[in-house]
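Fold and contact review
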Amino acid sequence: MADINLKEVTLIVGVVAVCYWNSLFCGFVFDDVSAILDNKDLHPSTPLKTLFQNDFWGTPMSEVTGVVGRAELLSSIFFLAAFLSYTKSKGPDNSIAWTPIALTVFLVAVATLCKEQGITVVGICCVYEVFIAQGYTLPLLCTTAGQFLRGKGSIPFSMLQTLIKLIVLMFSTLLLVVIRVQVIQSQLPVFTRFDNPAAVSPTPTRQLTFNYLLPVNAWLLLNPSELCCDWTMGTIPLIESFLDVRNLATFIFFCFLGALGVFSLRYPSNSSKTVLMVNKNNAKLWNNVGHALENEKNFERALKYFLQATHVQPDDIGAHMNVGRTYKNLNRTKEAEESYMTAKSLMPQIIPGKKYAARIAPNHLNVYINLANLIRANESRLEEADQLYRQAISMRPDFKQAYISRGELLLKMNKPVKAKEAYLKALELDRNNADLWYNLAIVHIELKEPNDALKNFNHALELNPKHKLALFNSAILMQESGEVRLRPEARKRLLSYINEEPQDANGYFNLGMLAMDDKKDSEAEMWMKKAIKLQADFRSALFNLALLYSQTAKELMALPVLEELLKYYPDHIKGLILKGDILMNQKKDIYGAKKCFEKILEMDPSNVQGKHNLCVVYFEEKDLLKAERCLVETLALAPHEEYIQRHLSIVRDKISSSSFVEQPIFPAGKTSGVEGDKIPTENVKEIKSEPRPTQIIKTNDNKSQSKASKQLGKNIDKEIPHKTTKEIKEIEKKRVAALKRLEEIERILNGE
C-alpha cells in the first residue's frame, strides 16, 4: 500500500470542498423534504439512539425495510464479481476454464435481478476476452474473417476457443432477457412526460437530448457545479433543434471518445496507455500497475512498468527498490544489486544533531534489508551484509525487521550469542510476536540449551497455538530429550501439526518414531506408511519401516521396503547392511548378501561393518583362508574391536583343526546386528521469521547413526573347542545381554 502523503490528502480535500461548497447554500427538494426536513430523528429533542433504530426516512426498521440505493450497490458488487470471475476463465495453454464461466453466468443473473443494468457486464466480458485476454486487434480480426469467407484459410483453434466462450455468454444473456421479459409479462416499462420528457419526445428531439446527457454527466464528474437529487421533469431542457448550441458539447464529447478509441487501437499491445495518458508523468501510476502485475507473478511485464517509473521520476527510492526486487524474482542478482545500490544512494544523508527517522519513510529503510538479504547468499559477503543491517539499525533503532534479519544472519555466521542479543532486542519492540519467540528458541538449540529452547517454543505457542513450526520443532525437541513424561505432549503437538499441515510427511514420520519409542509397533507402522504415501522417496521413513519389520520378526516384509529405499538411494549403506542380513539369515541367499556387502565396500572401502559382514559371507561359503585374510584386513581398519579379534581366532582355529565341524559363527538373524538402530528424520525444517520464513535450518539427525559401526556385526556366535555347545550358548546369551546394556548406557551418555 502506498504511503499517505499529507500534501496530496490536503489537495484532494481542498478540491472536493471547493467543488461542493455551493451545495451548502442550496435548499431542499423532492425526497430531501421527507428524509431531512420532516424526519423527526433529526430534531434536537430526539435521542441519538433512535438514529440506529429507524431507517433513512425515520421509519422504525421493524416495520419496513429500506432499500433505497441498495439495488445499485448490490448490482455493482455482483457486476464486478462477475467480471473478476470471468478473468479467471483462461486456463493453461489457452484452454477454457468452465467453472469461472459458470460462476460468471450466475453472478450476471444475480446482478440483473438487483438492477437491470447488471446484464451489461456481459458486453464488458466480451470486449475483455477479445482485446485483452486474447490480445486480438481489429485489423487481425478483419483479416482472419476475410480469409475465412474467401475460403483461403480456417479459423485458428485459439480463436475457436474464444468464439465458444462468447457464444456461451451470449446465450446466457439471451436467456436472462427472455426470463426478464416473462417477469414483466412482455410489457416494457411505461414512462410519462413527468418521469422522462425525452423518452416520449419525437425524433430528433429524443435522440439529441439523450446524446446530450453523455457530456452532461461526464462534465458533472469533472465539475459537479449543478447538482440535483432527481433529474426528472424539465431539469435538463429538451434539445429540439440541430441549431441548439448544446449539440456542440455532444460533438466534442464524441470526438474525444473517438480519439481515445483510435489511440488504444494504435497501441494494442499496451492497453495501459489509454489509462495512463491522462497523467503519464506520475511515477505512482506506473508503480501501481507494476505491483498489480507482480501480484500475478508476471515479473517480466512488471519490470517494464517499474523501470518506466524510474525514468519518470529518477529520484523515486521506492521505484528503484521495486526494480531491484523484480530483478531478484527473475534471478538476475547482478541487476538487482545495482538497483538496490541506486536506491541506497538516494537516501538522505545523515545530518548531525537531526533525527534521521523523521526525514525518511520507514519502508525506504528496507533497501538496506533487501540489499543485505541479496548479498548474504554469497558466503564471502556475510560481513558486508551484517554491516548493512547495523547501518539500518543505527539510522532507526526501533527498526524491528533489521534486528530479525540480522539475527538470522548471525546464526548463519555461527554467532548464536550475538544472534540471541539481536532477537532479544527485537522482542523489546514486539513481545507479542510468536515468530520472534520461535526464532529465539532456535538460538537456544544452537547454544545447546534445550530447556530454554522449549520454554521459548511454549511461549510462541501461547501467543499462537497453531504456530506450525513451533508445534513441530518443540515436539521433536521433547522426543529427542529422551524423557518419557514428555512423550504424550510431543504426540499431542505432532497431531496438531498434521492437522494444520496434513500433506507434510514429516509429521507422520515423527509420530511413527514416537510410537517406536513407546514400543507401539502397529501404530508406528501405520504412521510410517502414511508418511511414505505422501512422500514415496522418504529415506528415513522407508528405512525405519524396514527396521521395524526386522525387529518384529517380519523380515520378509522388510525386503520390498528396502528394495524401494535402495531404488531411490542406492548408496544407503545401512539399508544395504540390513538387506544383506535378511538375505543371509532369512532367505539363505548368500550370493545376494555378498552383493550387498561388496557394494558397500565399493562406496566406502574402510567401512568396518560391510567388511566384517563380507568376511562372514566367505566363512559361510567355507572359504576359510579368504575369510581369514578378510578379517585381518578388517582388524587393521579397527584394531581395538575385540569382536573382530575373537572371530579371527575362531577362523584360525577352524583352519588348524583337523576335525573341522560345520557350524556357523553367526546365529540366525544376527549377522549385521542392526537391531535398535533408529534414524530420526533427515528432512530440513525452515525457521519462520517476520514477515517471511528465515533461512535458519535445523536437521533432525539420526539418533544412533554415530553408534552404527559399534552396533552392527557384534552379535556373532562363536565356537570354543574346550566347551560344550550348551555352555557356549549360555556364554553367548550373557555376552549379548551385556552388549545391549553397554549400548543403552552409550545412548544415555550421549543424550540420545
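Scroll up to find the structure this text is about.
None of these values were measured; they are calculated from a predicted model. (Residues numbered from 1 in each chain as written. Predicted model: local features only at pLDDT ≥ 70, side-chain atom pairs only at ≥ 80, totals over all residues. Heavy atoms only, no water.)

Side note on the overall build of the protein chain
Selection rule: Starting at the N terminus, helices and strands are each numbered in turn, a helix being any DSSP run of H or I of at least four residues and a strand any DSSP run of E of at least two. Partly exposed residues are those whose accessible area sits between 20% and 50% of the maximum for their type, while under 20% is buried and over 50% is exposed, using a 1.4 Å probe and protein chains only. Any two residues whose heavy atoms approach within 4.5 Å at even a single point are treated as in contact. All accessible areas in this document rest on Shrake-Rupley with a 1.4 Å probe, and a residue is counted as covered only by the protein chains that are shown.
Along the backbone of the protein chain there are 33 helices and 2 strands. For the protein chain, the residues scored as buried account for 40% of the 752 residues in total. Residue pairs in contact within the protein chain that sit at least 24 positions apart in sequence constitute 56% of those at least 6 positions apart. Roughly 42,600 Å² of accessible area belongs to the protein chain as shown, and the carbon and sulfur atoms make up 60% of that amount.

Overview of the environment of Q207
As for its placement among the helices and strands, Q207 is situated in helix α8 (residues 205-222). What makes Q207 partly exposed here is its relative accessible area of 33%. Here the alpha-carbon distance between Q207 and I239, two residues 32 residues apart in the chain, equals 8.9 Å.

Some points on unusual backbone geometry
Look at the link from T203 to P204: it is a cis peptide, with omega at 0 degrees. With respect to the element layout, P204 can be found in the loop between α7 (157-183) and α8. We note that N331 has phi near 60 degrees; this positive angle belongs to a residue other than glycine. Among the structural elements, N331 can be located in the loop between α13 (317-329) and α14 (333-345). By relative accessible area, N331 is classed as exposed at 68%. Within the chain, K622 stands out as a residue other than glycine whose phi angle is a positive 70 degrees. Here K622 is to be found in the loop between α29 (608-620) and α30 (624-637).

Notes on the side chain of E523
Using the following cut-off: By the criterion applied in these results, polar contacts are pairs of N or O atoms within 3.5 Å in which, for protein atoms, one can donate a hydrogen and the other can accept it, and in which residues neighboring in sequence qualify only through two side-chain atoms.
Following the sequence through the fold, E523 ends up in helix α24 (residues 521-534). Here the side chain of E523 touches R491 through a polar contact of 3.1 Å, side chain to side chain. Discounting residues that sit within four places of it in the chain, E523 has contacts with R491 and A515.

Overview of the packing of aromatic side chains
Formally: Only the six-membered ring of Trp is used, alongside the rings of Phe and Tyr, when aromatic pairs are assigned; centres must lie within 6.5 Å, and planes under 30 degrees apart are stacked while those over 60 apart are edge-to-face, with the rest tilted.
Considering all chains together, one arrives at 9 aromatic pairs under this definition. Summarising the aromatic geometry, the rings of Y508 and W527 are spaced 6.0 Å apart at their centres and angled 35 degrees between planes, so their arrangement reads as tilted. Of this pair, Y508 sits in helix α23 (residues 505-517) while W527 sits in helix α24; the two residues are 19 residues apart in sequence, bridging distant segments of the chain. Residue classification places Y508 among the buried positions, given a relative accessible area of 11%. Residue W527 is classed as buried on the basis of its relative accessible area, which comes to 6%. When the centroid spacing of 6.5 Å and the interplanar angle of 55 degrees are considered together, the rings of Y568 and Y569 count as tilted.

Digging into the packing of α14 against helix α15 (residues 366-375)
Quick reminder of the rule: Helix axes are fitted to C-alpha atoms over the stretch in contact, other axes to C-alpha atoms as well, and angles between N-to-C directions run from 0 to 180 degrees. Oblique is the label for every angle not falling under 35 degrees (roughly parallel), over 145 degrees (roughly antiparallel), or within 65 to 115 degrees (roughly perpendicular). Left-handed describes a crossing whose near helix is turned anticlockwise from the far helix by less than a right angle; the clockwise case is right-handed.
Where α14 meets α15, the closest approach of the two axes is 10 Å, and the angle between their N-to-C directions is 155 degrees. With respect to α15, the element α14 is oriented roughly antiparallel. Note that α14 runs across α15; the crossing there is left-handed. Packed against α14, whose contacting residues are T333, A336, E337, Y340, M341, A343 and K344, the element α15 presents V367, Y368, N370, L371, L374 and I375 at the interface.

A look at the pattern of salt bridges
Quick note on the threshold: Definition used for salt bridges: Asp or Glu carboxyl oxygen within 4 Å of a side-chain nitrogen of Lys or Arg.
Counting across every chain of the model gives 27 salt bridges. Measuring nitrogen to oxygen at the nearest pair gives 3.1 Å for the salt bridge that ties E129 to K165. On the criterion of sequence distance, the pair formed by E129 in helix α5 (residues 121-133) and K165 in helix α7 is long-range, its members being 36 residues apart. The pair formed by E129 and K165 is uniform in burial state, with each residue classed as buried. We note a salt bridge from E564 to K567, for which the minimum N-O separation is 3.1 Å. Taken together, the residues span about one helical turn, with E564 and K567 both in helix α26 (residues 555-568) at a distance of 3 residues.

Re the side chain of N607
Locating N607 in the fold gives a position in the loop between α28 (590-603) and α29. Only 2.7 Å separates the side chain of N607 from the backbone nitrogen of G610, close enough to count as a polar contact.

Here's the deal with the environment of H459
Inspection of the secondary structure assignment puts H459 in helix α20 (residues 450-463). Measuring from C-alpha to C-alpha, the distance between H459 and N433 comes to 9.8 Å, with 26 residues separating the pair along the chain.

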